[in-house]
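Structural characterization, general
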Amino acid sequence: MYQRQFSGGGKRRRRGAGRLSLPAAALLLAVAAFTLSFTMDPASGAAPGPAQQSLPAHSLGSLPDLGGEEPPVPSQAPDQEDWRLTLVNPWHSLPEDYEPPVLTELSGGHAVDKRCYPDLQEMMDDCRAAGNSPLICSSYRSQEKQESLYQNKVDRLRAQGYSPEKAKAEAAKSVALPGTSEHQLGLAVDIVDVNNQNLDKSQENTAVQKWLMEHSWEYGFILRYPGDKSETTGIIYEPWHYRYVGKEAAGEIHEQGICLEEYLEALDT
């Protein structure tokens, strides 16, 4: 902060140097009276104070008249670019710029995207606390792993007499083509009951699956391939495959009884 410096020195003014002549003084009094007549409030006869002075319109900004109400909060639909909502199915392969996620390793040689790990661990812990015995039998898969699984399925079908084309088409119904598997996202896990580790329809009757189908959405997971949605998902019924989409989306999907494809389509409308 700067301070003005005052000094008591300097030349003294000559006596009478600042005095006005009588005609000049009369003129100043007349001008002052004329000006005062315009600045007085005609109703009260008082000069307006700061609260009575009007400001130019531009100084108030462009504030809308809300009638005393709070300003509206814009609604925001879930962001489809959200990593949790990445769509991968037979018609939507992994994005061209896709990079494998940072993984958290699990027991049994499994791994998942580290961002969904806390919710997965909580779900597994609570499932066990309810007296169940869940077991993760499949999780993140690399491109090479998915290629190997798919080719093995094709080879088994070929051994059963399928033509090369028919074998590939049939294999894709249960083992996703490399690049179109959710397991490559690190957001999908196959969970079975330790007392029944068969990947077939019998899983839906196990205690583990009954608990997961009722509660998985609370942790951000959904049963990804319901039995009545195969035409939409492109994958057969898998009552063991759970996909992480986040708690908000999982709650809405569960409540509406829809699949991920239908949920994302609704966001576009």
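Going by the structure above, here's the rest.
Residues numbered from 1 in each chain as written. Predicted model: local features only at pLDDT ≥ 70, side-chain atom pairs only at ≥ 80, totals over all residues. Heavy atoms only, no water.

**Some words on the overall build of the chain**
Scanning the chain from terminus to terminus reveals eight helices and six strands. If you list the helices and strands of the chain from N to C, you get α-β-β-α-β-α-α-β-α-β-α-β-α-α. Burial statistics for the chain: of 269 residues in total, 32% are counted as buried. Sequence-distant contacts, at least 24 apart, represent 66% of the contacts inside the chain between residues at least 6 apart. (Helix = DSSP H or I, 4+ residues; strand = E, 2+ residues; numbered from the N terminus. Buried < 20%, exposed > 50% of the residue type's maximum accessible area, 1.4 Å probe, protein only. Contact = heavy atoms within 4.5 Å.)

**Focus on the sheet that holds strand 5 (residues 221-223)**
Ordered in space as 3-4-6-5, the four strands form an open sheet in which the pairing is antiparallel. With partners counted over all chains shown, the strands left at the sheet margins are strand 3 (134-138) and strand 5, one partner each. Adjacent strand axes in the sheet meet at a mean angle of 40°, parallel and antiparallel pairs treated alike. (Pairing = 2+ DSSP bridges. Axes fitted to C-alpha atoms, helices over the stretch in contact; angles between N-to-C directions.)

**Looking at the pattern of salt bridges**
According to the stated counting rule, one finds eleven salt bridges in the structure shown. Aspartate 190 is the partner of arginine 141 in a salt bridge, and the nearest nitrogen-oxygen pair spans 3.8 Å. With a gap of 49 residues between them, arginine 141 in the loop between strand 3 and helix 3 (143-159) and aspartate 190 in strand 4 (residues 188-193) connect regions that are remote in the sequence. No difference in accessibility class separates arginine 141 from aspartate 190, as the two residues are buried. As a salt-bridge pair, glutamate 262 and lysine 229 come within 3.1 Å of each other at their nearest N and O atoms. Taken together, the residues glutamate 262 in helix 8 (residues 260-268) and lysine 229 in the loop between strand 5 and helix 6 (230-233) connect sequence positions 33 residues apart. With a relative accessible area of 12%, lysine 229 lands in the buried category. Overlapping salt bridges bring together Glu182, Arg224, Arg243 and Glu261 as one network. (Salt bridge = Lys/Arg side-chain N within 4 Å of Asp/Glu carboxyl O.)

**What to know about the environment of isoleucine 191**
If you trace the backbone, isoleucine 191 turns up in strand 4. Excluding anything up to four places from it in sequence, isoleucine 191 contacts Met123, Met124, Pro134, Leu135, Ile136, Gln203, Val208, Gln209, Leu212, Trp240 and Tyr242.

**Things to note about the nonpolar core**
Counting 21 residues, the largest nonpolar core has Leu120, Met123, Ile136, Val189, Ile191, Leu212 and Phe221 as its most contacted members. For this core, the secondary-structure elements that each account for two or more residues are helix 2 (117-129), strand 4, helix 5 (207-215) and strand 6 (241-244). Here this core takes four residues from helix 2, the largest share from any one element. Beyond its immediate chain neighbours, meaning those up to four positions away, leucine 120 contacts Leu106, Val112, Ile136, Val189 and Phe221. Of all hydrophobic cores here, the second largest spans ten residues; its members include Leu85, Ile222, Ala249 and Tyr263. (Core = buried A, V, L, I, M, F, W, Y, C linked by side-chain atoms within 4.5 Å.)

**Some words on helix 8**
Taken as a whole, helix 8 has its buried residues at Leu260, Glu261, Tyr263 and Leu264. Projected onto a plane normal to the axis of helix 8, the buried residues spread over an arc of 165° and lie on a single side. For helix 8, the elements touching its buried residues are strand 5, helix 6, strand 6 and helix 7 (247-256). (Arc of directions from axis to C-beta.)

**Points about the layout of surface pockets**
Space inside the largest pocket adds up to approximately 590 Å³. Along the walls of the largest pocket sit 24 residues, with Arg141, Leu149, Ser174, Val175 and Asp190 positioned nearest its centre. The biggest single contributor to the lining of the largest pocket is helix 3, with six residues. Looking at side-chain class alone, the lining of the largest pocket contains nine nonpolar, eight polar and seven charged residues. Roughly 410 Å³ of internal volume is contained in the second largest pocket. (1 Å grid on protein atoms, 1.4 Å probe; cavity = no way out; pocket = protein on both sides within 12 Å on 5 of 7 lines; lining within 4 Å. Points joined across faces, edges and corners; volume = space filled by probe spheres on them. Nonpolar A, V, L, I, M, F, W, Y, C, P; charged D, E, K, R; others polar.)

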